[in-house]
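So you can see what is in the structure, the chains are spelled out below.
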Amino acid sequence: MVSTATRIGDFQFDNCLMNAAGVFCMTREELAQVESSAAGSFVTKTATLEARAGNPEPRYVNTDLGSINSMGLPNKGLDYYLDYVIEEQNRIGSKPHVLSLVGMSPDETHTILKKVQASDYQGLVELNLSCPNVPGKPQIAYDFETTDTILKEVFSYYTKPLGIKLPPYFDIVHFDQAAAIFNKYPLVFVNCVNSIGNGLVIEDETVVIKPKNGFGGLGGDYIKPTALANVHAFYKRLNPSIQIIGTGGVKTGRDAFEHILCGASMVQLGTVLQKEGTEAFERITKELQTIMAEKGYETLDDFRGKLHYID
Ligand code: RRO
């Protein structure tokens, strides 16, 4: 009997697939749709302290090879999502969930996390250190000094299970430097990767999204090799207590299999979920189960991280 069940920290999930933050997670209705699908969990849209309208439209476009977005962190504000995950946590039969957060400044991040710390929420939190789309705000996790400072300050008061959402890195030295920082803290997971920031898609002679003169985060096929490299690089470098969530370019069971082979304990669907809807969870789960059965694998532990190299 093949199982795609998994665990992150102390939380058990019946299935290793879930949505990626930003897709199907803006409203309670969308989150409820993911909850009632074959997904093992949901993560909320990254919340700031106050609600935000985000960037002007068009700000998300699907392409043949994936997607480009510059949403600009639109969300309904911390309380909306925090209230919902607490409500869900108290519902019998509810799955464990992930609350995604970031402040518009380090101070706001601390205000938010202190609120979560003081709340009844006992589930996982994902601190988004990698939003590529707020004009004038660089991706936090590309600044190692700031990242280290934020994590040091956070763990001086935050005692609940916390992970971080990372941007893709592109240099071995950066994998080494980032991992050395993350290994200093009691992180439960790192999520690799957010969209590849600041790509540019053109149709005829014009950019396809309005914000930032068309620059936006890439998802989908464009980013799978980069995502796999980041999952595996951090799987190899991080303390075994820090698990990996794999995100980027998953549209088939084979893609999910590859993320797990690289070391992922959970796999998130972004662009494919936006394109196909929540039916994608069942289809990709079945495709993954078929591959596992063909290979004689019964659980994710049978192949997680066991990528083969050429001698
Ligand atoms: O809202 C966005 O523009 C956005 C965010 Br916060 C993020 O983390 N990643 C992304 O591709 N878009």
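Everything numeric here is computed off the predicted structure, so don't read it as measured data. (Residues numbered from 1 in each chain as written. Predicted model: local features only at pLDDT ≥ 70, side-chain atom pairs only at ≥ 80, totals over all residues. Heavy atoms only, no water.)

## Thoughts on the UniProt feature "binding site: FMN" (unreviewed entry) in the chain
Thought 1: As annotated by UniProt and renumbered to match this structure, "binding site: FMN" (unreviewed entry) occupies K45, T46, N128, K165, V193, G220, G248, G249, G270 and T271.
Thought 2: Within the secondary structure, T46 sits in the loop between α1 (28-35) and β4 (60-63).
Thought 3: Filtering out sequence-adjacent residues up to four positions away, T46 remains in contact with A21, L73, N75, S100, L101, V102 and N128.
Thought 4: Looking at the element boundaries, T271 is found in helix α8 (residues 271-276).
Thought 5: For T271, the residues in contact, after removing those within four places along its chain, are Y60, N62, G66, S67, G219 and G220. (UniProt positions renumbered as here; feature names shortened; annotations may be inferred. Helix = DSSP H or I, 4+ residues; strand = E, 2+ residues; numbered from the N terminus. Contact = heavy atoms within 4.5 Å.)

## Side note on the site of the ligand
Thought 1: Taken together, K45, N69, M71, G72, L73, P74, N128, C131, P132, N133, N194 and S195 make up the full set of residues adjacent to the ligand.
Thought 2: Between the ligand and the protein, one listed contact pairs an oxygen atom with a side-chain N or O atom of N128 at 2.8 Å.
Thought 3: Between an oxygen atom of the ligand and a side-chain N or O atom of S195, the distance comes to 2.7 Å.
Thought 4: For the ligand, whose unbound accessible area comes to 310 Å², protein coverage reaches 93%.
Thought 5: Among the residues forming the shell around the ligand, the class breakdown is five nonpolar, six polar and one charged. (Near = heavy atom within 4 Å. Polar contact = N/O pair within 3.5 Å; in protein donor to acceptor, adjacent residues only side chain to side chain. Areas by Shrake-Rupley, 256 points an atom, 1.4 Å probe, with all protein chains shown as cover. Nonpolar A, V, L, I, M, F, W, Y, C, P; charged D, E, K, R; others polar.)

## Let's talk about the side chain of S70
Thought 1: Relative to the helices and strands, S70 resides in the loop between β5 (66-69) and α2 (78-89).
Thought 2: Judged by relative accessible area, which is 0%, S70 ranks as buried.
Thought 3: Contact partners of S70, with chain neighbours within four places excluded, come to N55, R59, N133, I209, P211, K212, F215 and G216. (Buried < 20%, exposed > 50% of the residue type's maximum accessible area, 1.4 Å probe, protein only.)

## Regarding the UniProt feature "active site" (unreviewed entry) in the chain
Thought 1: Following the UniProt record, one finds the feature "active site" (unreviewed entry) at C131.
Thought 2: For C131, the position within the fold is in the loop between β7 (124-128) and α4 (144-154).
Thought 3: With residues near it in sequence (within four places) discarded, C131 still touches Q139 and N194.

## As for the sheet that holds strand β13 (residues 215-220)
Thought 1: A sheet is described by the order of its strands in space; here four strands give the open sequence β4-β5-β13-β10, paired in antiparallel fashion. Both edges of this open sheet fall to β4 and β10 (196-200), since each of them pairs with a single strand only. Put simply, the sheet's adjacent strands are angled 40° from each other on average, direction ignored.
Thought 2: Where β10 lies against β13, three bridges are found, and the strand directions are antiparallel. (Pairing = 2+ DSSP bridges. Axes fitted to C-alpha atoms, helices over the stretch in contact; angles between N-to-C directions.)

## Concerning the pattern of salt bridges
Thought 1: Counting across every chain of the model gives 15 salt bridges.
Thought 2: Residues E57 and R59 are paired through a salt bridge, measuring 3.8 Å at the closest nitrogen-oxygen approach.
Thought 3: Residue E57 is classed as exposed on the basis of its relative accessible area of 58%.
Thought 4: Accessibility expressed as a relative area gives 13% for R59, which makes it buried.
Thought 5: Through salt bridges with shared partners, a single network forms among K224, R254, D255 and E258. (Salt bridge = Lys/Arg side-chain N within 4 Å of Asp/Glu carboxyl O.)

## Quick word on the environment of M266
Thought 1: Mapped onto the elements of the fold, M266 is located in strand β15 (residues 264-269).
Thought 2: With a relative accessible area of 1%, M266 lands in the buried category.
Thought 3: Considered as a pair, M266 and V102 are 164 residues apart in the sequence and their alpha carbons are 21 Å apart.

## Remarks on the nonpolar core
Thought 1: In terms of nonpolar packing, the biggest core is built from 88 residues, with F182, V190 and F234 touching the most fellow members.
Thought 2: Excluding its chain neighbours within four sequence positions, the residues that come into contact with V190 are I164, L166, F182, F234, L238, I242, Q243, I244 and I245.
Thought 3: Within the second largest apolar cluster, eleven residues are counted, among which are I8, F13, M18 and L124. (Core = buried A, V, L, I, M, F, W, Y, C linked by side-chain atoms within 4.5 Å.)

## A few points about the packing of aromatic side chains
Aromatic rings in a pair are described by how distant their centres are and how their planes are angled relative to each other.
Thought 1: Applying the stated criterion across every chain, the model contains eleven aromatic pairs.
Thought 2: Geometrically, the ring pair formed by F42 and Y84 is stacked, given 6.0 Å between the ring centres and 10° between the ring planes. In this pair, F42 is assigned in the loop between α1 and β4 and Y84 in helix α2, connecting sequence segments 42 residues apart. Here the two residues F42 and Y84 agree in accessibility, since each one is buried.
Thought 3: Taking 5.9 Å as the distance between ring centres and 45° as the angle between the ring planes, the aromatic pair formed by F182 and F234 counts as tilted. With F182 in helix α5 (residues 172-182) and F234 in helix α6 (residues 224-237), this residue pair connects regions lying 52 residues apart in the sequence.
Thought 4: Three or more aromatic residues joined by ring pairs form one cluster here, namely Y142, F144, Y169, F175, F182 and F234.
Thought 5: Taking the ring centre of Y80 as reference, the NZ or CZ of R28 above it sits at 5.9 Å. (Phe/Tyr/Trp six-rings, centres within 6.5 Å; stacked < 30°, edge-to-face > 60°. Lys NZ or Arg CZ within 6 Å of the ring centre and 35° of its normal.)

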